[in-house]
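Structure at a glance
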Amino acid sequence: MKITDASIHPYPVGDSTLARMALEAAGLGFDSIVAIGDVGHRPDGPEVLRGAVISAASQKEVIKQVREPAARRADVVYVNAGDISFNRSIVTLKGVHVVRSIHATRRNAFDHVAARSAAEHNVAVDLSMAPIIQLRGTKRQRALQRYTDILSLQRRYGFPLTISSGARSILEQRSVRDLRGLCALFGMTGEEVSEALSSIDRITRPDQPVKVVR
């Protein structure tokens, strides 16, 4: 399976070009990256997947955006997490691959119902390292606690996890080894990190079997 940084933000959203970030990712141990936005020409080096982010307030709006050209062109479709009812609904939608920004939600916004549905529909929850690196104090501790909660649910229900740097420049990109160390802060084992880093390939390939842990 390919080792993937599940979310980077190249220029013009970020400060570094896609070609430069792809080159950096290869040096940091990645086989592929997901670039958010219109990537245009895909550079040589690690595989570059196109990611689209949907930010919506209702299931109906998510369905509408999933059908729009930007999402249809994307290899990986992300939806920003919301409240408990929203999260329960979006993990069942065809065309949604990953729920992101879970650190910014209230505790229990992603519960056992959402976890079981995510496992059944092969929808992942993204664990972005950006909050852990960039936040301080109470906000950082809150993000770590949210990830601890998600990890506990994942161990019980078996839905996929992805791990992303959330980098907006080459200075914010992190190596596979660095990500392992950051994930250890909220209790992920080395085996679990390896599984999460390789999950994008399985999520985007419908021929792969889905394992539900009961």
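Read on for an overview of the structure. In this convention, every chain numbers its residues from 1, walking through the sequence in written order. Where totals are concerned, whole chains, interfaces and linings use all residues; where local detail is concerned, this predicted model gives features only for residues with pLDDT of at least 70, and gives and counts side-chain atom pairs only at 80 or more. As a rule here, side-chain values come from all non-hydrogen atoms in the structure, and water together with hydrogens is ignored.

A short note on the overall build of the chain
Labels follow the DSSP assignment, with helices taken as runs of H or I lasting at least four residues and strands as runs of E lasting at least two, numbered in each case from the N terminus. Across its full length, the chain holds ten helices and seven strands. Taking 214 residues into account, the globule formula puts the C-alpha radius of gyration at 17 Å, and the chain, at 16 Å, falls close to it. Reported as C-alpha extents along the three principal axes, the dimensions of the chain are approximately 40 × 40 × 35 Å. Looking at the chain as a whole, 53% of its 214 residues qualify as buried. We call two residues contacting when some pair of their heavy atoms lies within 4.5 Å. Within the chain, contacts between residues separated by at least 24 positions form 69% of all contacts whose residues are at least 6 apart in sequence. Atoms counted for the radius of gyration: C-alpha only. Globule rule: 2.2 Å times the number of residues to the power 0.38. Burial status follows relative accessibility: with a 1.4 Å probe on protein chains alone, a residue under 20% of its type maximum counts as buried, one over 50% as exposed, and anything between as partly exposed.

Some thoughts on the sheet that holds strand β7 (residues 161-164)
Any two strands are treated as partners once DSSP identifies two or more bridges connecting them. Strand order across the open sheet formed by seven strands is β1-β2-β3-β4-β5-β6-β7, with parallel pairing between neighbours. Since the sheet does not close on itself, it has two edges, and those belong to β1 (4-8) and β7, each with one partner. Pairwise comparison of adjacent strand axes, ignoring direction, gives a mean angle of 30° for this sheet. Of the strand pairs in this sheet, strand β5 (residues 98-100) and strand β6 (residues 124-128) are connected by two bridges, and their pairing is parallel. If you follow V99 over to β6, its bridge partner there is V125. In the packing of helix α1 (residues 18-27) onto the sheet, contacts are made with β1, β2 (32-36) and β3 (47-54), and the angle to β2 comes to roughly 150°. Axes here refer to lines fitted to C-alpha atoms; in helices the fit is confined to the stretch in contact. Angles between the N-to-C directions go from 0 to 180 degrees.

Focus: α1
When we look at burial in α1, the residues that qualify are L18, M21, A22 and A25. The arc that holds every buried residue of α1, seen down its axis, measures 100°, which confines them to one face. Counted as exposed and oriented over 90 degrees from the buried face of α1: L23 and G27. Of the surrounding elements, those touching the buried residues of α1 are β1, β2 and β3. Directly beyond the C-terminal end of α1, a positive phi value near 105° is found at G29. In this description, one arc is meant: the one made by directions from the helix axis to the C-beta atoms.

With respect to the packing of aromatic side chains
Stacked, tilted and edge-to-face pairs are distinguished by plane angle, under 30 degrees for stacked and over 60 for edge-to-face with tilted covering the rest, among Phe, Tyr and Trp rings (Trp via its six-membered ring) whose centres lie within 6.5 Å. The full count for this structure, using the stated rule, is two aromatic pairs. Each ring, one from Y147 and one from F186, has its centre 5.3 Å from the other, and the planes form 65°; the classification is edge-to-face. On the criterion of sequence distance, the pair formed by Y147 in helix α7 (residues 137-157) and F186 in the loop between α8 (176-184) and α9 (190-197) is long-range, its members being 39 residues apart. One exposure class covers both Y147 and F186, and it is buried.

Considering unusual backbone geometry
The omega torsion across Y11 and P12 is 15°, close enough to zero to call that bond cis. In this fold, P12 is placed in the loop between β1 and α1. One non-glycine residue, S101, adopts positive backbone phi at about 60°. Relative to the assigned elements, S101 resides in the loop between β5 and α5 (112-121). According to the relative accessible area criterion, S101 is partly exposed, its value standing at 22%.

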